[in-house]
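# Structural characterization, general
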Amino acid sequence: SLFEATARERLKILQTSSNMLLVGEDLGPSPACLPKVLADLAIPGLRIPSVTAGPPAQYPYLSVAASSSHDMSTLAAWWESLDDAGRVSVWSDMEGSGAPPKQCSPEVARHMLLQLLASPSL
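For the structure given in this document, a descriptive report is provided here.

The rules behind these values
Residues numbered from 1 in each chain as written. Predicted model: local features only at pLDDT ≥ 70, side-chain atom pairs only at ≥ 80, totals over all residues. Heavy atoms only, no water. Helix = DSSP H or I, 4+ residues; strand = E, 2+ residues; numbered from the N terminus. Contact = heavy atoms within 4.5 Å. Areas by Shrake-Rupley, 256 points an atom, 1.4 Å probe, with all protein chains shown as cover. Lys, Arg positive; Asp, Glu negative; His and termini not counted. Charge placed at Lys NZ, Arg CZ, Asp CG, Glu CD. Buried < 20%, exposed > 50% of the residue type's maximum accessible area, 1.4 Å probe, protein only. Patch = residues over 30% accessible without salt bridge, like charges linked within 9 Å, V, L, I, M, F, W, Y side chains within 5 Å. Salt bridge = Lys/Arg side-chain N within 4 Å of Asp/Glu carboxyl O. Arc of directions from axis to C-beta. Expected span 1.5 Å × (residues − 1). Core = buried A, V, L, I, M, F, W, Y, C linked by side-chain atoms within 4.5 Å.

### Brief notes about the overall build of the protein chain
A tally of helices and strands in the protein chain yields 5 helices and 2 strands. Helices and strands in the protein chain line up, N terminus first, as α-α-β-β-α-α-α. When the backbone C-alpha atoms are referred to their principal axes, the protein chain occupies close to 50 × 25 × 25 Å. Taking the contacts inside the protein chain whose residues are at least 6 apart along the sequence as the reference set, 43% of them involve residues at least 24 apart. When the accessible surface of the protein chain is split by element, carbon and sulfur atoms take 59% of a total near 7,400 Å². Where the 8 positive side-chain charges of the protein chain centre and where its 12 negative ones centre are 6 Å apart.

And the structure:
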């Protein structure tokens, strides 16, 4: 497709123009070819709990795990915006023990950040 060919061309240029790690923002709606293009070029995608389903322990190696991004709520604000069922689901994904707390205390944030750091992501 035209998008795939253009993406490959431009991403290759970006890869060779800097020593920085290129990370693809593959969150939300995106062209169907994007995962294949990123994988073929060994460009990691993002894994952020508020938009990535499943436990961090199952994130792929070729990804970057983060608590949020520049245009998202903070981890604490997101956590506190979840309803009870959402907190239960995320707490389970984060391998939390007991009932999930309603507030994102420093201990809760630390636990979730440690789960992201322990993920297989780069």
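### As for the side chain of Arg 87
Its location among the elements puts Arg 87 in helix α4 (residues 84-93). The exposure class of Arg 87 is buried, given its relative accessible area of 5%. In contact with Arg 87, other than residues within four places in its own chain, are Trp 79, Glu 80, Leu 82, Pro 100, Pro 101 and Lys 102.

### Some details on a nonpolar patch on the surface
A surface patch of nonpolar side chains, amounting to about 480 Å² of accessible area, comprises Leu 21, Val 23, Tyr 61, Leu 62 and Leu 122. Checked against the element boundaries, Leu 21 lands in the loop between α1 (2-16) and α2 (34-40).

### As for α4
Among the residues making up α4, those that are buried are Gly 86, Arg 87, Val 90 and Trp 91. Each buried residue of α4 lies within a common arc of 125° when the element is viewed along its axis, so the set occupies one face. Of the residues in α4, the exposed ones pointing more than 90 degrees away from the buried face are Ala 85 and Ser 92. The inward-facing, buried residues of α4 abut α3 (75-81) and α5 (106-118). Positive phi appears at Glu 95, one or two residues downstream of α4, with a value of about 55°.

### A few points about α5
If you check α5, its first and last C-alpha atoms are 18 Å apart, about what 13 residues at 1.5 Å a residue would give, namely 18 Å. Of all the positions in α5, only Val 108, Ala 109, Met 112, Gln 115 and Leu 116 are classed as buried. Looking down the long axis of α5, one finds its buried residues gathered within 125° of arc, a one-sided arrangement. Turned more than 90 degrees from where α5 packs its buried face, Pro 106, Glu 107, Arg 110, Leu 117 and Ala 118 sit exposed. Elements in contact with the buried residues of α5: β2 (63-65), α3 and α4.

### A few points about the nonpolar core
If you look at the biggest cluster of nonpolar residues, it comprises 13 residues, and the most contacted ones within it are Trp 79, Val 90, Cys 104, Val 108 and Met 112. At the level of elements, α3, α4 and α5 are the ones that each hand at least two residues to this core. For this core, the element with the most residues is α5, which contributes 4 residues. When residues no more than four places from it in sequence are discounted, the contact partners of Val 90 are Trp 78, Trp 79, Leu 82 and Met 112. Residues Ala 7, Val 37, Leu 38 and Leu 41 belong to the second largest nonpolar core, which totals 8 residues.

### Focus: the environment of Ala 77
Positionally, Ala 77 belongs in helix α3. Put simply, Ala 77 and Gly 96 are 19 residues apart on the chain and 18 Å apart in space, counted from C-alpha to C-alpha.

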